[in-house]
Amino acid sequence: MGSRKSILFFLAVLLAVGWATLPGQASAREVVFLDLTDFTGPVAGLALPGSLGLEDYIKDINARGGVQGVKVRYIGVDTRYDVARMLSSFKRYRRDEAVLGINIVSTPFGKVLKEITAKEKLVITIPGDGEYQANVGNFFTWGPTYQDAFAAAMDWVVADWKKQGKSGKPVVGHLAWDSPYGREPLRGGKEHGEKIGVQFLNPEFFPSGTPKHDVYLSRLEAAGANYIYVACVDPAPTNVLRDAAAMGLNKKIQFITDYWGPTALGVGTHPEAVEGAVVVSFFLRGEEAKNHPINRRIWSTYQKDPPEKMNETYGMGIVWGMTFEAALKDAIQRVGADKLTREVLYESYQRLSGMKREGITGPCAYSPSSRRGSQEVKFYRCTKGKIVPITDWVKTPDAVSLHKW
Amino acid sequence: MWRPCGTFDETYQKDMAIVRTPLRWAVLLGALLVTGLLPVVVPYYFVSFLNNLAITVILVMGLQIVSGYCGQISFGQAAYMAVGAYSAAIFTQKLGLSFWVALPLSGIFTGLFGLVGGAPSLRIKGFYLAVATIAVHFVTMWLILHLEVTGRSHGLAVEPPTLAGFVFDTDERMFYIIMPTMLLMTYGARNLVRTKVGRAFVAIRDNDLAAQVMGINLFYYKLLAFFISCFYAGVAGCLWAHLTLVAHFEQFTLLHALWYIGMLIVGGMGSIPGVFFGVILIRILDELVMVVSPVLAAWFPWLGSAPAAGLGVTAFGLVLAFFLIWEPRGLAHRWEILKASLRLYPFAH
């Protein structure tokens, strides 16, 4: 009989859980920003601090009384780089009208949601895939597209090559995760590079989780690479740089990483390994990020840790929050809090062109024809355990339009 | 099946029937009717959850046949599902076939593909076979990522199924494809395991040498188990691609394959109801984490939403460890005990 009771108890729990999993409704003066993000998995290194920044900024909005009196609720779901999980989470909130915006972190999520939400005017923010700029719809990238940043990096390469007084073409290798994200920079970025006189080697791709990268690095070195562009999510780029340093390649090849390259924490931990590497970023890095007054205030208020412990992607999360706040404010001013809909917010996102975000990132570039979060990047160099700026904000070329989509 | 007291089988047909009594027929038809009405009466989220559940049941049912019944441990199920999804996308989008033709075809194609993956089972078994199936996963993913026909890293977009002009483009509509398919395939699996083939699978699982000595052709039956298992995975993949409207390799990771094995362990190896128990428990647990995380974050603000939301993987690990230690035969075994105790009631079991 004991087992019968335990089974009945189990079934009762299942029923209770089933009832409990019915999605709740937000109150009338509250809207929801849904963060379908990877707190675990291969991109957690960027997603977790970014989401913390977003959540803390939303807390700050509410502490200031909300946006025109409308409170914002942050809902974070760990999607684990698992499309089934993301889809289930998305559908849980899909028809909750209080959910006005969604942030997603990984490329495969975008592939699925793009098809499913093609007819919906629901704002979805996503890292940097150029296809959302090529086919303007309801997806908004966080900053410049990956190919735009890659193109800006190629501009920097050519300038650096000339500055060193070298002749001929700089030879560039591309070393990235074997995924759509890893390939994305080349879709338009390569065309731009070739146009300005860069010679590209065959790109090298490796699966996420690869412990050693010597074989890929060796091939690029043997092919005569002068520069290697690394596209993967920290700690993977730090590991690539570590392997390159162990092979002595960092002395003869200039490494450049994309947005998700080493953060100040990684640089502080392995200063020798990443020494000299250049990071191209659409948000502030290193001491600039930690000393930024907004980042610092939000961090110390809600994380209650010294700023030294801040990961720079935290500031990027704050930017997501600022952008949502500005769009929400615009939407409320246009139609009033009682008539807020997803479509209204969708219109508002397209009206944010030129909006400043306290200098943590470049001015917003969203418009009816643009889905770029900004069009500026900054170059940093890892130097003696710090990430120091080597350029001011630089306007990125339009590499998306160079690719045949 | 639990046989009610006083019910006698007077013919061979009755003895073989899965549904034995008029009452059971009534219950079955009532259950089917209720199931059919679900998309109309329950919230959208539950319908989408049930779709997800049903596809996973089909997939894990296939795994149950090859691993639970035939004893061939496979970590390739996620890869086989990917093959099903991609083949369905190619059949419908590139070759212009109807979804209704592509559904069985993708199952057959995946089944044939699975024969290649199952071939090592003829020479190796146990842990070694498990490792070989992991290799199958990576090789399959590499092929998908590098072949032109699969759209390489960008995947393939899929149109929703249609029938006489009616488009199955919502979860509620897809429910009427997914749920009957799941029921049909469950019926197929239930019948399969009590046929000569099913008994041969069990014999191979329990002692392959003894089975061979008894005249069971190991080569044939092991490959047949892989074919059937992969057929199920292929059908699941086809349904998944048409539900998500895209086939993309990052939807099918090795982690998924681990989850499917975990579902089998929790539900119970070698049991058809065990598939349902395992899939339902793990999927509900997954959804529960989504509900509990914001509550935890509100109760313990120092946790923040992020660490609280990350409890999903931890919970899965704990549940798996719990079952491996305290109930390695899974929930299906508990279900059998419950049925036995009900049958003997009011006497103690």
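Our subject is the structure listed above.
This report concerns the structure included in the present document.

Calculation criteria
- Residue positions are given per chain, counted from 1 along the sequence in the order it is written.
- Chains and ligands are labelled by the order in which they are written, letters from A for the one and numbers from 1 for the other.
- Reporting of local features is limited, given that this is a predicted model, to residues whose pLDDT is at least 70; pairs of side-chain atoms are given and counted only at 80 or more, and all residues count toward the totals for whole chains, interfaces and linings.
- Strands are runs of DSSP state E lasting at least two residues, helices are runs of H or I lasting at least four, and both sets are numbered from the N terminus onward.
- When we talk radius of gyration, it's over C-alpha atoms, and the globule rule is simply 2.2 Å times the number of residues to the 0.38.
- Any residue surrounded by 20 or more other C-beta atoms within 10 Å of its C-beta is treated as buried, while 12 or fewer makes it exposed and the intermediate range makes it partly exposed; C-beta atoms here are placed from the backbone.
- Helices are assigned an expected span. That span is 1.5 Å times one less than the residue count.
- We define the bend at each residue as the angle formed by axes fitted to the 7 residues ending at it and the 7 residues starting at it.
- Placing C-beta atoms from the backbone, we regard two residues as in contact once those atoms come within 7 Å.
- For this scheme, ten residues count as nonpolar: Ala, Val, Leu, Ile, Met, Phe, Trp, Tyr, Cys and Pro. Four count as charged, namely Asp, Glu, Lys and Arg, and the remainder, Gly too, count as polar.
- The axes are straight lines fitted to the C-alpha atoms, using for helices just the contacting stretch, and the angles between their N-to-C directions are given from 0 to 180°.
- Note on angle classes: values under 35 degrees are labelled roughly parallel, values over 145 roughly antiparallel, values of 65 to 115 roughly perpendicular, and the remainder oblique.
- Put simply, a crossing is left-handed when the front helix is turned counterclockwise from the back one by less than a right angle, and right-handed when it is turned clockwise.

1. Some points on the overall build of chain A
Across its full length, chain A carries 16 helices and 14 strands. For chain A, the C-alpha radius of gyration of 22 Å lies close to 22 Å, the compact-globule estimate for 405 residues. Counting only C-alpha atoms and orienting by the principal axes, one finds that chain A spans roughly 75 × 60 × 45 Å. Within chain A, the proportion of its 405 residues that are buried is 58%.

2. Remarks on the overall build of chain B
The number of helices and strands found in chain B is 15 helices and 4 strands. Radius of gyration (C-alpha) of chain B: 21 Å, near the 20 Å computed for a compact globule of 349 residues. Relative to its full complement of 349 residues, chain B shows a buried share of 48%.

3. Focus: helix α3 (residues 44-69) of chain B
Because an α-helix completes one turn every 3.6 residues, residues spaced three or four positions apart along the sequence face the same direction. Residue and element names in this part refer to chain B. Counted at 1.5 Å a residue, the expected span for α3 with its 26 residues is 38 Å, and the 36 Å between its end C-alpha atoms agrees. The largest bend along α3 measures about 30° and falls at Leu63. Gly71 sits one or two positions beyond α3 and adopts a positive phi of about 75°.

4. Comments concerning the environment of Ala176(A)
Residue and element names in this part refer to chain A. With respect to the helices and strands, the residue Ala176 is situated in strand β6 (residues 171-177). In sequence terms Ala176 and Phe205 are 29 residues apart; their C-alpha atoms lie 5.0 Å from each other. Setting aside its immediate chain neighbours within four residues, Ala176 contacts Gly182, Pro203, Phe205, Ala231 and Cys232.

5. Quick word on the interface of chain B and chain A
The interface of chain B with chain A comprises 40 residues on the first partner and 42 residues on the second. Of all elements in the fold, only α3, α12 (272-299), α13 (305-309), α14 (311-326) and α15 (330-344) of chain B reach the threshold of two or more residues within the side of chain B that touches chain A. If one sorts the elements of the side of chain B that touches chain A by residue count, α12(B) sits on top with 7 residues. Each residue belonging to the side of chain B that touches chain A can be placed in one class, and the counts come to 21 nonpolar, 14 polar and 5 charged.

6. A short note on the packing of helix α2 (residues 44-63) of chain A against helix α15 (residues 313-335) of chain A
Residues and elements named next belong to chain A. Remark: α2 packs on α15, axes separated minimally by 6 Å, with the N-to-C direction vectors making an angle of 45°. What the angle tells us is that α2 and α15 run oblique. Remark: the crossing between α2 and α15 carries right-handed chirality. Residues Leu46, Pro49, Gly50, Ser51, Leu52, Gly53, Leu54, Tyr57, Ile58 and Ile61 of α2 form the contact with α15, whose participating residues are Thr313, Tyr314, Gly315, Met316, Gly317, Ile318, Trp320, Gly321, Met322 and Glu325. Taken together, the residues that form the contact of α2 with α15 break down as 12 nonpolar, 7 polar and 1 charged.

7. Considering the environment of Trp161(A)
All names here are of chain A. Considering the arrangement of structural elements, one finds Trp161 in helix α6 (residues 146-163). According to the C-beta neighbour criterion, Trp161 is buried, with 21 such atoms within 10 Å. Linking Trp161 and Val171, residues 10 residues apart in sequence, is a C-alpha distance of 10.0 Å. The residues touching Trp161, leaving out its near neighbours within four places in the chain, are Lys166 and Pro170.

8. Observations regarding the packing of helix α3 (residues 83-94) of chain A against helix α4 (residues 107-116) of chain A
All names here are of chain A. One can describe the packing of α3 onto α4 by two numbers: an axis separation of 10 Å at closest approach and a directional angle of 50°. One finds that α3 runs oblique with respect to α4. With respect to the hand of their crossing, α3 and α4 are arranged in right-handed fashion. In this structure, α3 uses Val83, Met86, Leu87 and Phe90 to contact α4, whose residues at the interface are Pro108, Phe109, Val112 and Leu113. Taken together, the residues of the contact of α3 with α4 break down into 8 nonpolar, no polar and no charged.

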